[in-house]
Amino acid sequence: MSFDINQLVRPNIAALVPYSSARDEFSGEAKVFLDANENSLGSPLKKWYNRYPDPHQLAIKEKLSFIKGVGVEHIFLGNGSDECIDVLFRCFCEPGKDNVIICPPTYGMYEVSANINNIALKKVPLLDNFQLDLIHLEDQIDANTKIIWICSPNNPTGNSINRIDIETVLNNFTGIVVIDEAYINFAQQKSFVQELADYPNLVVMQTFSKAWGLAGLRLGMAFASLSIIEIMNKVKPPYNVNQATQELVLTALEEIGQVNDMIKLLVDMRIALADVFLSMPTVEKVYPSDANFILVKIKEAKKIYEFLLTKGIVLRDRSNVQLCSDCLRITIGTEQENTFLVDAMQDWYQLNP
Ligand SMILES: *Cc1c(COP(=O)(O)O)cnc(C)c1O
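Residues numbered from 1 in each chain as written. Predicted model: local features only at pLDDT ≥ 70, side-chain atom pairs only at ≥ 80, totals over all residues. Heavy atoms only, no water.

(A) Summary view of the overall build of the protein. Secondary structure assignment for the protein yields 13 helices and 11 strands. Taken against the 2.2 N^0.38 rule, which gives 20 Å for 353 residues, the C-alpha radius of gyration of the protein at 22 Å falls within 12% of a compact globule. By principal-axis analysis of the C-alpha atoms, the protein measures approximately 75 × 55 × 35 Å. For the protein, buried positions account for 51% of its 353 residues. In the protein, once contacts between residues fewer than 6 apart in sequence are set aside, the share between residues at least 24 apart is 69%. (Helix = DSSP H or I, 4+ residues; strand = E, 2+ residues; numbered from the N terminus. Rg over C-alpha atoms; globule rule 2.2 N^0.38 Å. Buried < 20%, exposed > 50% of the residue type's maximum accessible area, 1.4 Å probe, protein only. Contact = heavy atoms within 4.5 Å.)

(B) The pairing of strand β3 (residues 120–123), seen in detail. The sheet contact formed by strand β2 (residues 99–102) and β3 spans four bridges and is parallel. Each bridged residue has a counterpart across the sheet, and for Val-100 the counterpart in β3 is Leu-121. Handedness of the crossover joining β2 and β3 through helix α6 (residues 109–116) is recorded here as right-handed. (Pairing = 2+ DSSP bridges. Right-handed = clockwise from strand over helix to strand, strands pointing away.)

(C) Molecular detail of the domain arrangement of the protein. Annotation of the protein at the domain level lists domain 1 (5–254) and domain 2 (257–351). Spacing between the C-alpha centres of domain 1 and domain 2 amounts to 30 Å. Counting from both sides, the interface comprises 22 residues of domain 1 and, opposite them, 20 residues of domain 2. Together, the buried faces of domain 1 and domain 2 total about 1700 Å²; carbon and sulfur atoms form 66% of this surface. Considering only the surface of domain 1 that becomes buried against domain 2, Phe-130, Pro-156 and Phe-186 emerge as the three largest contributors, covering 36% of it. Along the contact surface separating domain 1 from domain 2 lie zero salt bridges. The interface formed by domain 1 and domain 2 contains six residue pairs in polar contact (both at pLDDT 80 or more). (Domains from an automatic or database assignment. Buried area = accessible area lost by both parts, 1.4 Å probe. Salt bridge = Lys/Arg side-chain N within 4 Å of Asp/Glu carboxyl O. Polar contact = N/O pair within 3.5 Å; in protein donor to acceptor, adjacent residues only side chain to side chain.)

(D) Spotlight on the site of the ligand. As a structural note, the neighbourhood of the ligand is formed by 13 residues, with Asp-180, Tyr-183, Ser-209, Lys-210 and Arg-218 the closest of them. Asp-180 is positioned such that a nitrogen or oxygen atom in its side chain is 2.6 Å from a nitrogen atom of the ligand. Separating an oxygen atom of the ligand from a side-chain N or O atom of Lys-210 is a distance of 3.2 Å. Out of a free accessible area of 390 Å², the ligand has 93% covered by protein chains. Classifying every residue of the shell around the ligand gives four nonpolar, five polar and four charged. (Near = heavy atom within 4 Å. Areas by Shrake-Rupley, 256 points an atom, 1.4 Å probe, with all protein chains shown as cover. Nonpolar A, V, L, I, M, F, W, Y, C, P; charged D, E, K, R; others polar.)

(E) View of helix α5 (residues 81–92). For α5, built from 12 residues, the straight-helix expectation of 16 Å at 1.5 Å per residue is met to within 8% by its first-to-last C-alpha distance of 17 Å. Where α5 is concerned, the buried positions are Ser-81, Glu-83, Cys-84, Ile-85, Asp-86, Val-87, Leu-88, Phe-89, Cys-91 and Phe-92. (Expected span 1.5 Å × (residues − 1).)

(F) Expanded view of the pairing of strand β8 (residues 283–286). Bridge count for β8 against strand β9 (residues 293–298) is three bridges, and the pairing is antiparallel. For Val-286, the partnering residue across the bridge sits in β9 and is Val-296. If you look at the hairpin formed by β8 and β9, you'll find six residues sitting between the two strands.

(G) Representation of the sheet that holds β9 in the model. Judged by pairing direction, the sheet is antiparallel, and its four strands sit side by side in the order β8-β9-β11-β10 without closing on themselves. Strand pairing shows two members of the sheet lacking a second neighbour, β8 and β10 (316–317), which therefore form its edges. Pairing between β10 and strand β11 (residues 327–331): two bridges, direction antiparallel. Looking across to β11, one finds that Arg-316 is bridged to Arg-329. Across the sheet, helix α11 (residues 256–278) touches β8, β9 and β11, and the angle it forms with β9 is around 5 degrees. Here helix α12 (residues 301–310) sits on the sheet in contact with β9, β10 and β11, set at roughly 40 degrees to β11. (Axes fitted to C-alpha atoms, helices over the stretch in contact; angles between N-to-C directions.)

(H) Molecular detail of the packing of aromatic side chains. Overall, the coordinates contain nine aromatic pairs when judged by the stated rule. Note on Phe-130 and Tyr-287: the rings are 5.0 Å apart at their centroids and 50 degrees apart in plane angle, and the pair reads as tilted. Placement of the pair is Phe-130 in the loop between β3 and α7 (134–140) and Tyr-287 in the loop between β8 and β9, with a sequence separation of 157 residues. Each of the two residues, Phe-130 as well as Tyr-287, counts as buried. Joined through ring pairs, the aromatic side chains of Phe-89, Tyr-107, Tyr-110 and Trp-149 make up one cluster. Positioned above the aromatic ring of Tyr-49 is the side chain of Lys-47, whose terminal nitrogen or guanidinium carbon lies 4.6 Å from the ring centre. Over the aromatic face of Phe-293 sits the side chain of Arg-329, whose NZ or CZ is 5.6 Å from the ring centroid. (Phe/Tyr/Trp six-rings, centres within 6.5 Å; stacked < 30°, edge-to-face > 60°. Lys NZ or Arg CZ within 6 Å of the ring centre and 35° of its normal.)

In structure tokens, the structure reads:
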């Protein structure tokens with residue numbers, strides 16, 4: 001059996017006649033636009049925003065196509081990766097019938113989105129080294145398994161998933177394999193975006209929320225084969241990426257050098273902060289990270305979390321998460337913020353010698 005998009009897409013979506021917006025029905029130049037019931041007089045804002053945005057976000061996609069080396073028609077843009085996740089569920093997973101597989105500990109939205117869409121979730125925990133458990137993964141796949149979600153570098157563990165293992169999944173699973181590369185810019189490994197031609201069942205997700213520093217704008221990317229992208233475009237709300245976001249992201253895309261400088265600095269600070277934590281007396285492990293955060297296994301993690309809160313410092317307490325007992329996830333901050341954290345840890349040790 002091999003990949004067959006018609007076997008994967010939900011029947012109602014295959015049959016769907018998508019919404020046709022005013023800008024779909026007429027997309028050329030004109031003198032007067034009286035077709036979309038916008039307010040032609042303007043708006044209270046100096047920059048009006050009275051017109052609907054481009055539903056296909058072509059300007060951004062053209063720029064991304066150049067940067068990523070993939071065709072415009074292989075790019076889907078969502079209101080954050082979170083929308084890409086939801087759209088994938090709605091395209092391919094029949095509520096009450098289909099299932100997907102996740103590999104915890106991992107990003108929480110796959111499970112939440114599955115629950116919202118009433119899609120059964122199978123969990124195949126990562127191994128102790130936070131790599132894929134290929135044997136149990138294979139066991140869990142059945143005829144109704146539509147998507148396998150792989151997060152690499154993984155959140156909250158920080159490691160990249162072995163490339164060969166991901167290739168094994170891509171080569172042997174006839175459903176869709178999503179690789180969430182939200183943190184790829186901080187990693188040693190190269191992206192799977194370049195492998196789209198080899199894998200019709202591959203979806204690579206990236207985001208402007210992490211390395212690009214634009215979490216507030218909400219823009220996520222999905223790269224995939226033509227047949228997958230076409231279905232995703234049918235399902236998405238017509239104007240899912242707003243005009244302000246489209247304009248601001250276009251401006252940001254001109255500053256790739258600045259972003260690369262920030263990535264270098266964040267990686268350097270990650271390495272430095274990992275070293276500092278490693279030297280602390282109650283730290284049992286600082287897991288190797290390919291992301292802009294570190295996962296630290298430390299005695300009395302929960303108490304330290306609470307103590308740091310009283311100092312105004314908020315970490316992510318992951319101590320209740322499977323395979324992450326006594327673990328805190330620490331985002332790399334500014335130099336000053338990292339120093340503030342390290343100083344606060346010294347206060348903790350002074351009070352708890
Ligand atoms: C932060 C993060 C995202 C980003 O989601 P957006 O909706 O694009 O902000 C996606 N996946 C993972 C694993 C993340 O940690």
